[in-house]
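A closer look at the structure
Here are the chains, one letter per residue:
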Amino acid sequence: MASSQIRLKILPSVRCLFDKPVQLKVEGLPPHKQVELTSKLVDDRGAMFKASALFKADDTGLVDLCRAPSLGGSYSGVEPMGLFWAMAPETAHSKLLKKNVLSPTVVEIEALCGERGERLASETNERGYMTEGMKRVPVEEGQIRGVLFVPQGKGPFPGIVDLYTYGGRLTEPRASLLANKGFVVLALAYIGYKDLPKKPQKLDLEYFEEALTFLRKQPEVKGPGIGIISISHSGAVALAMASFLSGISATVCINGCSANVVIPLHYKDTVLPPLQPITENIKVTDSGILNVRNALPDPYLEKNRASLIPIERASCPFLFAVSEDDRNWNSSFFAEQAAATLRSHGKQHFEVVTYPKAGHFLEVPYMPHCPSGLHGAVGSEVAFGGEPKAHAEAQLDLWERVQEFFESHLRREDA
């Protein structure tokens, strides 16, 4: 087979933003020829992620992933972006790490002869995080540590604080991609970043209040209301911010807990102790990692209520996103109980969106699924749950919902 005649195309361009889809095509194959497509990337930690799929060329020698089904490999069926979301780490329990969003994530795509495995064609997709003209500003002001993303164009823009996980320190991909949509986003660290303690004895809500004040004072930020997006451990922090602090107009809580966990949370004279896990509820899976889904007790029992976030005090709208197969904890239960609390206090400005078969880390679109990994608080590998295809679909749906939620409550709030 003359590989010089075979071309692998990435459309509309080999360069795009990370959250954008591309069309993959292989042209010039013999009719009905079987071809294997592979994808590979190396993250900022050096971990390699790979996927592969088998295809059969049509009558004209074309394989178009928008129409051609995968006949086997990392996924099956017609999935135009399957080679991206189906990538899995070569080393088990690895989560894709992107520290530096100034450079793109580079995905190598190869077309291989289905029988002999020889390379027929290759191309590289550069999946970036920042549009031209966007500003990335490291923040070390007062106590607060983070990175501010300011979109290009005539402001002012709505402001959002982006909080990540207990073990995530500072993560920029979601914040930078959200800023591309016309928001000023502060990716705010609160544990183990720069001079912030790795194992703090307490979390002071005043720190997050200072961050809100900082963001609100930026000349590019349209006030007065600020949005918050959170995931996992930071979900409870976000709920506490909305409950105790003023000037918050919209809060997104992704697979969070409705009670304080891990570290005591302080605000002025109020202290919310962490909900204490029940160690005998932690199970070992068949693969030898931990299942901690049921480790936390019911925070709504009288003996645990001191840890509950008093969400009834909040006045902003909420978007709760929950994965039914979240193995980190029972996020569905926590979101439903938080919604019930709001409802019982006459508050209706909330939505609970549930994703069956999705796992704990609902990230930006096309981010590879992370079914297990090192848990920052537990200190061991745990299951995070989810099935790759359902998880990918959930990430795509949630990303659109998050944008619409913030558009509605931050940009249009004055309309």
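So, here's what we can say about the structure.

Criteria and cut-off values
- Residues numbered from 1 in each chain as written.
- Predicted model: local features only at pLDDT ≥ 70, side-chain atom pairs only at ≥ 80, totals over all residues.
- Heavy atoms only, no water.
- Pairing = 2+ DSSP bridges.
- Helix = DSSP H or I, 4+ residues; strand = E, 2+ residues; numbered from the N terminus.
- Buried < 20%, exposed > 50% of the residue type's maximum accessible area, 1.4 Å probe, protein only.
- Right-handed = clockwise from strand over helix to strand, strands pointing away.
- Contact = heavy atoms within 4.5 Å.
- Axes fitted to C-alpha atoms, helices over the stretch in contact; angles between N-to-C directions.
- Salt bridge = Lys/Arg side-chain N within 4 Å of Asp/Glu carboxyl O.
- Polar contact = N/O pair within 3.5 Å; in protein donor to acceptor, adjacent residues only side chain to side chain.
- Phe/Tyr/Trp six-rings, centres within 6.5 Å; stacked < 30°, edge-to-face > 60°.
- Lys NZ or Arg CZ within 6 Å of the ring centre and 35° of its normal.
- Patch = residues over 30% accessible without salt bridge, like charges linked within 9 Å, V, L, I, M, F, W, Y side chains within 5 Å.
- Areas by Shrake-Rupley, 256 points an atom, 1.4 Å probe, with all protein chains shown as cover.
- Lys, Arg positive; Asp, Glu negative; His and termini not counted.
- Charge placed at Lys NZ, Arg CZ, Asp CG, Glu CD.
- Core = buried A, V, L, I, M, F, W, Y, C linked by side-chain atoms within 4.5 Å.

**Here we look at the pairing of strand S10 (residues 135–141)**
- With seven bridges joining them, S10 and strand S11 (residues 144–150) adopt antiparallel strand pairing. Bridging from a neighbouring strand, Lys 135 pairs with Val 150 of S11.

**Looking at the pairing of strand S15 (residues 221–231)**
- Buried residues dominate S15, accounting for nine of its eleven residues.
- Pairing analysis gives six bridges linking strand S12 (residues 157–163) to S15, with the strands arranged parallel. Across the sheet, residue Val 161 finds its bridge partner in S15, namely Ile 228.
- In terms of handedness, the path from S15 via helix H4 (residues 233–244) over to strand S16 (residues 248–254) forms a crossover that is right-handed.

**Looking at the sheet that holds strand S14 (residues 203–204)**
- One open sheet accounts for three strands, arranged S14-S17-S18; its pairing is mixed. If you trace the sheet from one side to the other, it starts and ends with S14 and strand S18 (270–272), each paired once.
- Bridging between strand S17 (residues 265–267) and S18 involves three bridges; their strand directions are antiparallel. Looking across to S18, one finds that Tyr 267 is bridged to Thr 270.
- Contacts between helix H3 (residues 205–217) and the sheet are confined to S14 and S17, with S17 contributing the most and set at about 65° to the helix.

**Side note on the pattern of salt bridges**
- Taken as a whole, this structure holds 22 salt bridges when the rule is applied.
- Glu 351 is paired through a salt bridge with Arg 401; the nearest N and O atoms lie 3.3 Å apart. With Glu 351 in strand S22 (residues 350–355) and Arg 401 in helix H6 (residues 388–411), this pair connects stretches of sequence that are 50 residues apart.
- Residue classification places Arg 401 among the partly exposed positions, given a relative accessible area of 32%.

**A closer look at the side chain of Thr 105**
- By secondary structure assignment, the location of Thr 105 is in strand S8 (residues 105–113).
- Among the polar contacts listed, one links the side chain of Thr 105 to the side chain of Tyr 129, at a separation of 2.6 Å.
- Once residues lying within four places of it in the same chain are set aside, the contact partners of Thr 105 are Phe 18, Leu 41, Lys 98, Asn 125, Glu 126, Arg 127 and Tyr 129.

**Brief notes about the packing of aromatic side chains**
- Per the stated rule, a full pass over the model turns up twelve aromatic pairs.
- Taken together, a centroid distance of 4.7 Å and an interplanar angle of 75° make the contact between Phe 361 and Phe 384 edge-to-face. In this pair, Phe 361 sits in the loop between S22 and strand S23 (372–374) while Phe 384 sits in the loop between strand S24 (381–383) and H6, placing the two residues 23 residues apart along the sequence.
- By relative accessible area, which is 9% here, Phe 361 ends up buried.
- If you follow Lys 95 out to its NZ or CZ, it ends over the ring of Phe 361, 4.8 Å from the centre.
- Across the ring face of Phe 18, the terminal group of Arg 127 is positioned such that the distance to the ring centre comes to 5.5 Å.

**Some words on a positive patch on the surface**
- Where like charges cluster on the molecular surface, the positive patch consists of Arg 45, Lys 99, Arg 169 and Lys 198.
- Considering the arrangement of structural elements, one finds Lys 198 in the loop between strand S13 (184–188) and S14.
- For Lys 198, a relative accessible area of 59% puts it in the exposed group.

**Side note on the sheet that holds strand S6 (residues 63–64)**
- Strand order in the open sheet formed by three strands is S1-S3-S6, and the pairing between neighbours is antiparallel. Strand pairing shows two members of the sheet lacking a second neighbour, strand S1 (7–11) and S6, which therefore form its edges.

**Points about the nonpolar core**
- The biggest cluster of nonpolar side chains holds 143 residues, and the ones touching the most others in it are Leu 163, Met 241, Phe 318, Phe 320 and Phe 406.
- Sequence-distant contacts of Phe 320, that is, excluding residues within four places in its chain, are made with Leu 239, Cys 253, Ile 311, Ala 335, Ala 338, Leu 342, Phe 350, Glu 351, Val 352 and Val 353.

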